[in-house]
Amino acid sequence: MKNENVIEVENLTKAFGAFKAVNAISFEVKKGEIFGFLGANGAGKTTAIKMLIGISHPSSGKAKVVDYDVYTQPEAIKRNIGYMSQRFALYDDLTVQENINFFGGIYGLSRKVIREKSKNLLVELGMHEISSKLVGSLPLGWKQKLSFSVALLHEPKIVFLDEPTGGVDPITRRQFWEMIYKAADQGTTIFVTTHYMDEAEYCDRVSIMVEGKIEALDTPKNLKQQFKVTSMNEVFLKLARNIE
Amino acid sequence: MKRFIGFIRKEFYHIFRDRRSLFILFGMPIAQILLFGFAITNEINNVNIAIQDHSKDASTLEIINKISNSKYFSIKQIISREAEIESIFQKGKIKAVLNFEKDFGRNLIKEKSAKIQIITDATDPNTANSITNYINAILQNYQLEKNKSIQIDYQIIPQTRMVYNQELKSVFMFVPGVMTIILMLVSAMMTSISITREKELGTMEILLVSPLKPFQVIIGKVVPYIFLSIINAAVIVLLSIFIFKMPVEGSLFLLGAESVLFIITSLALGILISTISDTQQSAMMISLMGLMLPVILLSGFIFPISSMPAPLQVISNIIPAKWFIIIIKGIMLKGVGLAFVWKETLILIGMTVFFIAVSVKKYKIRLE
Amino acid sequence: MGISLSNIDKSYKKQIAVRNITFDVNPGELFGLIGPDGAGKTTIFRILATLLLPDNGKATVAGLDIIKDYKAIRNSVGYMPGRFSLYQDLTVEENLNFFATIFGTTIAENYDLIKDIYEQIAPFKDRRAGKLSGGMKQKLALSCALIHKPKVLFLDEPTTGVDPVSRKEFWEMLKRLQKRGITILVSTPYMDEAALCDRIALIQEGEILDIDTPQAIVDKFPKDIYNVKADNMYKLIQTLQRYEHTYSVFPFGEFVHYTDKRVTFKTEELQHYLESSGLNAITIAPTHADIEDAFMELAKK
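What counts and what doesn't
- Residues numbered from 1 in each chain as written.
- Chains lettered and ligands numbered in written order.
- Predicted model: local features only at pLDDT ≥ 70, side-chain atom pairs only at ≥ 80, totals over all residues.
- Heavy atoms only, no water.
- Helix = DSSP H or I, 4+ residues; strand = E, 2+ residues; numbered from the N terminus.
- Buried < 20%, exposed > 50% of the residue type's maximum accessible area, 1.4 Å probe, protein only.
- Contact = heavy atoms within 4.5 Å.
- Expected span 1.5 Å × (residues − 1).
- Pairing = 2+ DSSP bridges.

### Regarding the environment of L270 of chain C
Residue and element names in this part refer to chain C.
Phase 1: One can find L270 in helix 9 (residues 267–276).
Phase 2: Given a relative accessible area of 0%, L270 falls into the buried group.
Phase 3: What L270 contacts, discounting residues up to four positions off in sequence, is V228, L240, Y243, Y258, F265 and I284.

Right, dumping it as structure tokens:
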């Protein structure tokens, strides 16, 4: 493979008037990597992700996602990535199967492929018996696992996960991370945000955004050494506190 | 009392910060009045017609002249073949064709009767009907003139006078209707939306867990809209007086008082709607479907109640708008006083009390 | 001035929300309801705030019955619901003013109580509440809930979706409020916040799993826990899950928390098994259980 980087960002900036929500950030993400994208509320994470998934136009800088340029090829990016957010994942008033069919359909998968994939997916999640239940009636943890699987349905090269485990019980949260590990093991790149600092430790590399800038980017181990602390939580607190 | 005033102040903040709704609130009445006043009308003016004359004699010429001299019709086309009629109507410009039979004038004199065919485009039945009536009237008139010289035994000459609306201006009919719709919508829809918005946002939870009493919350929600609706009613009346020269024969004070009564009826309805809906969306749907449509269809605003089938006539009685329209038509056009509309007024008061009673009963001091 | 619930049941239609909830919160205590979304935390808060009637059971708040004395309770508690429940189109100051007015007081009158919270958002007092960041919204909501000097404070998931820095500040504020004698009942899905409470109730699927001090709860954990680490996390978890003696295996930060079925457990044996499965850089060391371990163990039963 010629290029192992699936995301390349250089001096990416988004300004709203004089306020720079994202201020010249640069980083790369490698294929198959679990990349943690952390930051306080209002640090600019969401704005940065919106630019990377092609729904917001950068003010300046360069960014390539799956070899496509965010300025000129946002449609190609959207076809090659999966996206799951905490706020919106699946339609509560559709059944499990209908959700799978719908999201498979909008990514242009054929009926046959959807049928096969959804069968495997439901068996793997242990949800084949409840495939005709409304998603709204499922516990939150199941919903989140299901919507992660749906985000992977079209075999995207990168999956963006925006706080996928907020409010989920500790067991399901760990099962969710096992799913993430598995996807990464199969070569899918994972780009994830979270407020659980123990989850930051699960990532291969972590970046921490403070007020629009990336203030730290390394493996959790190196970051802890660099800040001379024992947990990512302390790294986070030190960084964010220093700025204030 | 201080709490209550604080609550009302907050309501005004909401209203004035939501510029778009505010614009709709005051723009809508003006737009509607102008729309109904200028654009929508039942009167006939300069309708295009065509003539097919198989006779072409002195009497047909006289009739044609009479028609084309009237302000109601303008003759756009003379046709010679029956087959053309179909294609003329399809083009849609011509609304009626007059067809004089062969030897029309000779028949009129010799046989004492001659035939003229009126073909109208009835895709719009109301217009078609009016056209036919107007043409008939012109023909009648022609006959009367012709017969003046001849002595017949007796003759009925009807003399009509349209009282209360001499010029048959349709705007006179629409103003009371539009005013009713606007007051109903502003009052009922806006209050029900503003109450359900608090439910949706979750702020209702906090209000419930506060020393504010439920009736204070409700009255607090209603007071600002009473003001807005009164302003709206005044704008509508002023517009209709100064732009459409609509008379207000009766007492302005009585008109104002009845309007306030109807505003309160509508607000009570709005509160009732908010007790049965949990989201702004459903409050809006219920207000639009449950209030707008019946007001337009069953209140006698557009379609006369007396020509409705009996069951609908009965249903129309439970629509507050019907009674309000009767009242304001009476005051504005007929100049009657309370002595003539006390019955309708009592009905409105009764309805208001009923709505408030049901709302109070249904209002929840808890979340379920 | 405490809170007391006994045998509270509540169902919505056929769905059971909470079942047989019994616990007491002592006056001046900082008590945490810890559990994931859908565990029934919000239902408990709404029952205590007199917004819902329980199907069965009794509850009192500051000695007042939640059904009979609901009006008195509404005057004396501060309630901060789960979602942000302030007026987004009103400014920070207008919101605070409004809540002060409807509780029949003024900002000035109770300013000393909210001072150190409100000062942090005061620079933005003319900004609309809808335009505040998550952490600032939280502070404003807390100020509004405190403006009438409540004796009891109900905080339903005040830190959900808030970043760790703002969360830490928020808990520091709660500790200071507790020192002023306010009884605080707070819920959170973040298990690491449990340690900051005096006592906690672990709750899942409408039932209480355990009530105790955070320390006592982790001390009760029945097994020895080992921190296991290797070069490949995913492979490590899979390998451990296949191991015949495994009782439980859960990723915890950079480690995996491992417990063994056997009473006597030798780390060398596990080390050997992992090495033979092709894992490298293996470390195995005993560690202490934390609240999440305890929660998962209790939830299993």
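### Observations concerning unusual backbone geometry
Phase 1: We note that V66 of chain A has phi near 50°; this positive angle belongs to a residue other than glycine.
Phase 2: The phi torsion at K56 of chain B lies on the positive side, around 50°, for a residue other than glycine.
Phase 3: On the secondary structure map, K56 of chain B appears in the loop between strand 1 (47–53) and helix 3 (58–69).
Phase 4: The exposed category is assigned to K56 of chain B, whose relative accessible area is 67%.

### Details of helix 11 (residues 280–298) of chain B
Residue and element names in this part refer to chain B.
Phase 1: Under the 1.5 Å per step criterion, the end-to-end length of helix 11 is 26 Å for 19 residues, consistent within 8% with the ideal 27 Å.
Phase 2: If you check which residues of helix 11 are buried, you get A283, S287, L291, P294, V295 and L298.
Phase 3: Positive backbone phi, approximately 85°, marks G300, located one or two places after helix 11.

### Quick notes on the pairing of strand 13 (residues 255–260) of chain C
All names here are of chain C.
Phase 1: Burial analysis of strand 13 places five of its six residues in the buried class, which makes it a mostly covered element.
Phase 2: Pairing geometry for strand 11 (residues 225–229) and strand 13, over three bridges, is antiparallel. Residue pairing in the sheet places Y226 in a bridge with Y258 of strand 13.
Phase 3: Sheet topology places strand 12 (residues 246–252) next to strand 13; six bridges connect them, and they run antiparallel. Paired with V249 across the two strands is Y258, which belongs to strand 13.

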